Amino acid sequence: MTLADAQPQALDFECETGNYHTFCPISCVAWLYQKIEDSFFLVIGTKTCGYFLQNAMGVMIFAEPRYAMAELEEGDISAKLNDYEELKRLCMQIKRDRNPSVIVWIGTCTTEIIKMDLEGLAPRLESEIDIPIVVARANGLDYAFTQGEDTVLAAMAHRCPKGSAVVEESEKQERGNAITSLLNFGKKKEEVVAEESEYHDHAPLVMFGSLPDPVVTQLTLELKKQGIKVNGWLPAKRFTELPVIDEGYYVAGVNPFLSRTATTLMRRRKCKLIGAPFPIGPDGTRAWIEKICSVLDVEPKGLEEREAKIWANLEDYLEIIRGKSVFFMGDNLLEVSLARFLIRCGMTCPEIGIPYMDKRYQGAELKFLEQTCIDMGVPMPKIVEKPDNYNQVQRIYEHDVDLVITGMAHANPLEARGINTKWSVEFTFAQIHGFTNARDILELVTRPLRRNNSLKDLGWDKLVKEEAKV
Ligand code: SF4
């Protein structure tokens with residue numbers, strides 16, 4: 001008997017050079033301005049940032065978005081112009097033209113390097129123009145892509161009111177129960193009272209993470225089925241509806257890239273964090289709900305059957321990917337959760353690249369990944385933090401992978417060499433959370449496989465000469 005065989009393998013973590021492609025975190029304005037309807041985002045940077053946003057946002061830039069660039073000039077950089085006066089002029093213009101409830105300043109690489117004191121300027125200007133100004137340093141020096149949202153939400157967490165500060169009953173309703181009133185829309189008062197009593201008596205719970213409104217409703221309803229009441233979401237639909245957060249509240253994240261927000265809520269707002277796997281895929285959603293139930297002392301019901309039903313419904317997609325391998329180059333921090341779901345679907349995964357790994361915040365997800373590999377009898381993936389894209393391409397060849405999840409920079413060159421790719425950014429913008437959206441994830445994952453299968457019949461699977469290997 002060998003004891004060693006019985007020991008589960010542990011996950012292997014590595015860190016490379018950080019020489020990889022990803023979106024700049026200022027891209028978060030694209031989805032956050034849509035989510036927070038009364039906000040305005042002002043990116044204080046250079047033409048480089050402007051070019052990036054203009055191109056990355058695609059057709060959205062023609063829809064008069066509620067974001068703009070404050071483009072720094074020579075005079076700003078050499079301190080010939082007065083930062084305060086310049087920003088005041090712009091913010092007055094924004095107030096006049098759009099009248100938002102909040103202006104979010106996004107600091108960039110340049111404001112970091114010239115040490116523009118945005119945090120110092122904001123409170124002064126805020127009291128002068130009478131609009132809240134939230135400062136988030138979502139720059140490319142420190143963060144990657146989705147972490148931009150993390151910096152904005154961490155800054156907003158400071159602006160969530162305390163229960164004692166919200167005196168008006170109507171405002172309490174609006175803030176605490178914006179989501180509940182949405183769910184109760186069109187119902188009679190007695191019905192609402194009756195439904196309120198269906199909730200268990202548990203400590204207040206606030207969710208954090210920006211999701212499209214339909215997904216917010218779905219997840220809130222999933223928890224409602226368990227008798228758990230969600231007291232609010234950070235961010236809410238409007239800045240004026242940010243949830244009340246008091247000491248001792250429970251908070252739970254819906255996305256793996258929100259570690260700063262989680263830390264801020266715990267340290268500054270004295271909340272208790274529910275560390276759960278993230279609600280991505282039916283397995284993740286079930287584990288997420290179960291963990292919340294167990295912390296709030298609620299007996300979960302009907303989850304096993306619900307999960308089984310969703311899996312049965314996915315069978316047509318599972319047939320396509322079962323036994324295939326997937327390689328994550330890593331650029332949006334959703335990688336661990338997606339890999340865990342795909343391994344449960346029957347895939348293998350030699351490597352999960354990821355820009356930044358917070359082992360504490362993602363702890364439950366990492367454990368769940370380990371357990372999933374053991375359950376499915378597949379080798380544990382290697383987790384490569386700050387990957388090196390050049391080395392990764394060599395490893396993709398070595399492992400002969402079936403599908404690479406990667407950014408646009410590598411997608412077409414790899415496709416031309418006969419390697420299936422899926423563009424990773426789509427996972428950030430598609431609806432991937434909760435039980436019902438599992439199909440959407442697999443629709444994305446299987447699309448290149450289905451397409452390339454059809455093309456193979458035409459003999460078009462490789463479009464570069466053999467010697468032109470990268
Ligand atoms: S990496 Fe820096 S300079 Fe480039 S777009 Fe982002 S904030 Fe601007």
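Residues numbered from 1 in each chain as written. Predicted model: local features only at pLDDT ≥ 70, side-chain atom pairs only at ≥ 80, totals over all residues. Heavy atoms only, no water.

As annotated in UniProt, the protein carries the name Light-independent protochlorophyllide reductase subunit N and is attributed to Acaryochloris marina. Its UniProt record, at the heading Function, says of the protein: "Component of the dark-operative protochlorophyllide reductase (DPOR) that uses Mg-ATP and reduced ferredoxin to reduce ring D of protochlorophyllide (Pchlide) to form chlorophyllide a (Chlide). This reaction is light-independent. The NB-protein (ChlN-ChlB) is the catalytic component of the complex." A UniProt comment under Catalytic activity is attached to the protein, and it reads "chlorophyllide a + oxidized 2[4Fe-4S]-[ferredoxin] + 2 ADP + 2 phosphate = protochlorophyllide a + reduced 2[4Fe-4S]-[ferredoxin] + 2 ATP + 2 H2O". (UniProt positions renumbered as here; feature names shortened; annotations may be inferred.)

J.: Any chance you could explain the packing of helix H8 (residues 147-157) against helix H12 (residues 259-267) here in plain terms?
T.: What describes two packed helices is the angle between their axes and the distance between those same axes. Orientation of H8 relative to H12, taken along the N-to-C sense of each, is 15°, at an axis distance of 7 Å. In terms of orientation, H8 lies roughly parallel with respect to H12. By crossing handedness, the relation of H8 to H12 is classed as right-handed. Across from Asp-150, Thr-151, Leu-153, Ala-154 and Ala-157 in H8, the residues of H12 making contact are Ser-259, Arg-260, Thr-261, Thr-264 and Leu-265. Taken together, the residues of the contact of H8 with H12 break down into four nonpolar, four polar and two charged. (Axes fitted to C-alpha atoms, helices over the stretch in contact; angles between N-to-C directions. Helix = DSSP H or I, 4+ residues; strand = E, 2+ residues; numbered from the N terminus. Parallel < 35°, antiparallel > 145°, perpendicular 65-115°, else oblique. Left-handed = near helix turned anticlockwise from the far one by under 90°. Contact = heavy atoms within 4.5 Å. Nonpolar A, V, L, I, M, F, W, Y, C, P; charged D, E, K, R; others polar.)

J.: It is not clear to me how the UniProt feature "binding site: [4Fe-4S] cluster" in the protein should be interpreted in this structure. Could you clarify?
T.: Those residues carrying the UniProt feature "binding site: [4Fe-4S] cluster" are Cys-24, Cys-49 and Cys-109 in this numbering. In three dimensions, the annotated residues from a span of 86 residues occupy one location, with a maximal C-alpha spread of 10.2 Å. You can see Cys-24 is positioned in the loop between strand E1 (12-15) and helix H2 (28-35). Look at Cys-24 and you get partly exposed, because its relative accessible area is 23%. (Buried < 20%, exposed > 50% of the residue type's maximum accessible area, 1.4 Å probe, protein only.)

J.: What exactly am I supposed to notice about the sheet that holds strand E3 (residues 67-71) here?
T.: As a general point, the strands of a sheet are linked pairwise by backbone hydrogen bonds and lie either parallel or antiparallel. Read from one edge to the other, the open sheet built from four strands follows the order E3-E2-E4-E5, with strand pairing classed as parallel. Pairing within the sheet leaves two strands with one partner each, and these edge strands are E3 and strand E5 (133-136). With strand direction ignored, the average angle separating the axes of adjacent strands in the sheet is 25°. Seen against the sheet, H2 touches strand E2 (39-45), E3 and strand E4 (102-107) and runs at an angle of roughly 160° to E2. Running over the sheet, helix H5 (residues 83-98) touches E2, E3 and E4 and is turned about 155° from E2. (Pairing = 2+ DSSP bridges.)

J.: What is the right way to read the side chain of Glu-16 from this model?
T.: Tracing the sequence through the fold places Glu-16 in the loop between E1 and H2. Only 3.1 Å separates the side chain of Glu-16 from the side chain of Asn-391, close enough to count as a polar contact. (Polar contact = N/O pair within 3.5 Å; in protein donor to acceptor, adjacent residues only side chain to side chain.)

J.: Looking at this structure, how should I read helix H16 (residues 335-344)?
T.: Every α-helical turn comprises 3.6 residues, leaving residues that sit three or four positions apart pointing alike. Of all 10 residues in H16, nine are buried; the element is thus mostly enclosed. For H16, the full list of buried residues reads Glu-335, Val-336, Ser-337, Leu-338, Ala-339, Arg-340, Phe-341, Leu-342 and Ile-343. Looking one or two residues beyond H16, the residue adopting positive phi is Gly-346, at roughly 110°.

J.: Looking at this structure, how should I read the pattern of salt bridges?
T.: Opposite charge on two side chains makes pairing possible when the charged atoms of those side chains draw close. In the structure shown here, the tally under the stated rule is 28 salt bridges. Lys-35 is the partner of Asp-213 in a salt bridge, and the nearest nitrogen-oxygen pair spans 2.8 Å. Of this pair, Asp-213 sits in helix H11 (residues 213-225) while Lys-35 sits in helix H2; the two residues are 178 residues apart in sequence, bridging distant segments of the chain. According to the relative accessible area criterion, Asp-213 is partly exposed, its value standing at 28%. For the salt bridge of Arg-89 with Glu-86, the shortest nitrogen-to-oxygen distance reads 3.0 Å. Here Arg-89 pairs with Glu-86, and both are found in helix H5, just three residues apart, close to one helical turn. (Salt bridge = Lys/Arg side-chain N within 4 Å of Asp/Glu carboxyl O.)

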